[in-house]
Structure formats: C-alpha cells, structure tokens
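# Geometric and topological summary
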Amino acid sequence: MGIARLVGRLTIGGFFVGHGLQKLRGWFGGPGLEGTEQMMASLRLHPTRQNALAAGVTETAGGALVAAGLFTPLAAAGLIGAMTTAVRTVHLPNGPWNANGGYEYNLTLITALAALVESGPGKLSLDHALGIERRGTGWALGAVALGVAASTATTQLSRRLATQHELEGAGI
C-alpha cells in the first residue's frame, strides 16, 4: 500500500505541478502568465493578475507538496480549492462529462485528494518521516471544507471586484 500511495501522490502531484507551470511559465503548451491572466478576465476573476498567480502557484506548490507527502492536508486543501473554482467558473454549466467540457475530471481529482488525506500520504512521505502525518476522515473533510471555503471566498470577492471594475470602465 505504501508504494501505491507514493505512485498516486507522484502522479497527482506531478500533474498539478505541470498545470501550474503551464499557467505560470507557458510550459507544456500552457498559456503562460499573460494567457492565464486573460482567462481570469474572461471568468470575471479580478484582480486578474493576482488570481492568475494564485492559481499557478497553488497548483505548482500544492502539487509539489502532495508529491513529496509534505503538509498533505493543507496542500490538498489548496488543490481542492483550485479545482472547486474551476468547476464553479468553467465546468459546471457543461454537466458532468469531460467530453462536453464538464467537471468529471475536476471532481475525480477532488475525490482522489480527499481519499489521499483520509488514508494519509504513507510511510514513504516527508510527513511520515518528520512525524507530522495527519490522516483520517476528519482531516479529509477539513481539507475539502477549507478548499471549498477558499474557493467561495475567492470567487465572491473576485466577482465583486469585477463588477466594480466594469462600472468604473463604464464611467459609473
């Protein structure tokens, strides 16, 4: 079971690192920071630059921490927040299926992260090596709750700022 959790952490965390670097650096065919900022503008997530940086840094750092098995519940909460925001702002209207631009992929990642927190990162993790491993249903529910709460706060504040920005742009 330790090897399976290690492979799971490396896979999930590694792909998040890649997605973060797509947003920040334009690597792996990504849009880079400017393109991510434009995406944030189209989603009405203001301030766009700060949200672009937050998304890229959260995915890169959170993915690296998950891969290493370090501060696993907190890292998972950040990634859950990013995926919850993606569901809310992009995928929800398209229904569940990924083929239609839906949220199945994001929900699968949220579920995998919650399961990882519940089971713990395993003996082959920095959390375990440092004696700071936290796991269990309470930690998993806490990671989901924190991620969803952070997403809610971010999207609500961002939309208010977008409305203010639009009103100022219209001279109102």
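Along each chain, residue indices are assigned from 1 in the same order as the chain's sequence is written. Local features are withheld for residues below a pLDDT of 70 in this predicted model, meaning they are given only at 70 or higher, and side-chain atom pairs are given and counted only at 80 or more; totals for whole chains, interfaces and linings count all residues. The side-chain quantities take in all heavy atoms of the structure and omit both hydrogens and water.

### Comments concerning the pattern of salt bridges
The line we're drawing: Whenever Lys or Arg places a side-chain nitrogen within 4 Å of a carboxyl oxygen from Asp or Glu, that contact is recorded as a salt bridge. We count a stretch as a helix when DSSP gives it H or I for four or more residues in a row; a strand needs E for two or more, and each element gets its number in order from the N terminus. Throughout, exposure labels follow a simple rule: accessible area from a 1.4 Å probe, protein chains only, divided by the maximum for the residue type, with under 20% read as buried, over 50% as exposed, and the rest as partly exposed.
A full pass over the atoms with the stated rule returns four salt bridges. A salt bridge links Arg49 to Glu37; the shortest N-O distance between them is 3.1 Å. Taken together, the positions of Arg49 in helix 3 (residues 48-68) and Glu37 in helix 2 (residues 32-42) put the pair twelve residues apart, joining distant regions of the chain. Of the residues examined, Arg49 reaches a relative accessible area of 38% and is grouped as partly exposed.

### Focus on the environment of Ala77
Stated formally: Whether two residues are in contact is decided by their heavy atoms, any of which lying within 4.5 Å being enough.
Secondary-structure assignment places Ala77 in helix 4 (residues 72-91). With a relative accessible area of 4%, Ala77 lands in the buried category. Measuring from C-alpha to C-alpha, the distance between Ala77 and Gly147 comes to 4.5 Å, with 70 residues separating the pair along the chain. Once residues lying within four places of it in the same chain are set aside, the contact partners of Ala77 are Ala143, Leu146 and Gly147.

### A word on the packing of helix 4 against helix 5 (residues 104-119)
Threshold: Structural elements are reduced to axes, namely lines fitted to C-alpha atoms, with helices fitted over the stretch in contact, and the angle between N-to-C directions of any two is expressed from 0 to 180 degrees. An angle below 35 degrees is read as roughly parallel, one above 145 as roughly antiparallel, one from 65 to 115 as roughly perpendicular, and any other as oblique. For a crossing to be left-handed, the near helix must be turned anticlockwise from the far one by less than a right angle; the clockwise case is right-handed.
Contact pair helix 4 / helix 5: the axes reach a minimum separation of 9 Å and the direction vectors enclose 165°. With respect to each other, helix 4 and helix 5 are oriented roughly antiparallel. Like other packed secondary-structure pairs, helix 4 and helix 5 cross with a definite hand, here left-handed. Along its contact with helix 4, which presents Thr72, Pro73, Ala76, Leu79, Ile80, Met83, Thr84, Ala86, Val87 and His91, the element helix 5 presents Asn106, Leu109, Ile110, Leu113, Ala114, Leu116 and Val117.

Note that all results are geometric; they support no functional claim without further evidence.
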